[in-house]
Amino acid sequence: MSHLLRKPNKKEIEKGVIVVHEVTSENSPLEYVGFKVIDLDPNAKYSELLGNQECCIVALTGKINVSVGDENFENLGTRESVFEKIPTDSVYVSNQRHFEVEGVTKARVALCYSPSERQLPTKWIKAENVGIEHRGILNNKRFVHNILPDSDPSANSLLVVEVFTESGNWSSYPPHKHDRDNLPNESLLEETYYHEMDPPQGFVFQRVYTDDRSLDETMTVENGDVVIVPKGYHPVGVPDGYTSYYLNVMAGPKRIWKFYNDPDHEWILKR
Ligand SMILES: O=C(O)C[C@@H](O)[C@H](O)C(=O)CO
């Protein structure tokens, strides 16, 4: 199996608190992006004291309470399935802060991390303030929920978006990359993809490749898998009959999403 593809690996760390994914700089090639998925039962609590990392807590499904220091945010989360295709609530937590997430209902939560040293205010990113963006034409249509885009200065490094791609379409396409700190032409951002499919027996294909093909992996990605993109182009193809959802976390030395399209396939945009 590819070293970039992670299957869900559920570990109950406390009663009702299950870690489904944990991507860190210790267990992956990533330096700037960390990522966890946790499942919570009602009333179960997960807490963490952040070191030199900021964190965006995304209520993927179900309802949660979040506290950060003495600030409390209650009943966050808007959907039972990501495929309701409506934005959800998130909370941005700065470095060196303590946070707790409690399940109100059964809930699945994404914790998106990147290095940070400059403290910023805690921010409730309300579902109603998440920008929705439709991109692409023909079989390249997808829509995006901009949870923490680079136009929002609330974070030091983190960028977080959700992407929905309908049956038979392609996204993160034409293939693009962002692995060189070469602004204004390209920024260096690592990335993780947390994937879900509707219906859940579905699958998508994701290729991660560099120009010299020293990295060239095409993965069959199933419901709940995570794909790690340390570098390279990273397109996603969705088979007929299935809808794809993914949550992207990006971070790097500069908080700018400036991608470079694979010149061989850029013509796709000119149709
Ligand atoms: O527009 C898309 O297809 C989504 C991608 O841009 C995705 O968020 C990504 O690859 C970010 O680099």
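Residues numbered from 1 in each chain as written. Predicted model: local features only at pLDDT ≥ 70, side-chain atom pairs only at ≥ 80, totals over all residues. Heavy atoms only, no water.

(A) Local environment of the confidence of the model for the protein chain. Confidence along the protein chain averages 98 in pLDDT terms, with 100% of residues attaining 70 or more. Per-residue pLDDT, averaged within each element of the protein chain, yields its smallest value for strand S18 (residues 179-182) (97) and its largest for strand S6 (residues 53-61) (99). Predicted complex, confidence summary: ipTM 0.97, pTM 0.98. (pLDDT = per-residue confidence, 0-100. Helix = DSSP H or I, 4+ residues; strand = E, 2+ residues; numbered from the N terminus.)

(B) Representation of the pattern of salt bridges. Applying the stated criterion to the full structure yields 17 salt bridges. For Glu133, the salt bridge is made with Arg135, and the minimal N-O distance between the two is 3.0 Å. Among the ionic pairs, Arg180 bridges to Glu186, the shortest N-O distance being 2.6 Å. A relative accessible area of 0% means that Glu186 is categorised as buried. Here the salt bridges do not stand alone but share partners, grouping Lys177, Asp179, Arg180 and Glu186 into one network. (Salt bridge = Lys/Arg side-chain N within 4 Å of Asp/Glu carboxyl O. Buried < 20%, exposed > 50% of the residue type's maximum accessible area, 1.4 Å probe, protein only.)

(C) View of the site of the ligand. Surveying the vicinity of the ligand reveals 15 residues, the closest of which are Arg135, Arg142, Ser172, His178 and Asn248. Contact with the protein chains hides 98% of the accessible area of the ligand, taken as 330 Å² for the molecule alone. With 3 residues, strand S25 (residues 243-251) is the largest single contributor of residues to the shell around the ligand. Its residues assigned to classes, the shell around the ligand comprises 6 nonpolar, 6 polar and 3 charged. (Near = heavy atom within 4 Å. Areas by Shrake-Rupley, 256 points an atom, 1.4 Å probe, with all protein chains shown as cover. Nonpolar A, V, L, I, M, F, W, Y, C, P; charged D, E, K, R; others polar.)

(D) Quick look at the pairing of strand S20 (residues 190-198). By the criterion of burial, S20 is predominantly enclosed, with 8 of the 9 residues buried. Here S20 pairs with S25 via 9 bridges, running antiparallel. Counterpart to Tyr194 in the pairing with S25 is Leu247. Strand direction decides the pairing type here: S20 and strand S23 (residues 226-229), joined by 4 bridges, are antiparallel. Paired with Tyr193 across the two strands is Val227, which belongs to S23. (Pairing = 2+ DSSP bridges.)

(E) Just the state of the cysteines, in detail. For the coordinates displayed, the defined rule picks out 0 disulfides. Of all cysteine sulfurs in the structure, the one in Cys112 sits closest to Cys56, which takes part in no disulfide; the separation is 5.2 Å. (Disulfide = S-S within 2.5 Å.)

(F) Spotlight on the sheet that holds S23. Here we have 7 strands laid out as an open sheet, ordered S1-S23-S20-S25-S15-S14-S13, and antiparallel in their pairing. Strands with a single pairing partner mark the edges of an open sheet, and in this sheet they are strand S1 (5-6) and strand S13 (131-135).

(G) Inspection of the packing of aromatic side chains at higher detail. On inspection of all chains with the given rule, the structure shows 12 aromatic pairs. Centroid distance Phe35 to Tyr194: 6.3 Å. Interplanar angle 40 degrees. Geometry classified as tilted. Separated by 159 residues along the polypeptide, Phe35 in strand S4 (residues 34-40) and Tyr194 in strand S20 bring together distant segments of the chain. We note that Phe35, like Tyr194, is buried. The structure contains a cluster of three or more aromatic residues connected by ring pairs, namely Phe83, Phe143, Phe164 and Tyr245. Its end group placed over the ring of Tyr260, Arg180 keeps NZ or CZ at 5.5 Å from the ring centre. (Phe/Tyr/Trp six-rings, centres within 6.5 Å; stacked < 30°, edge-to-face > 60°. Lys NZ or Arg CZ within 6 Å of the ring centre and 35° of its normal.)

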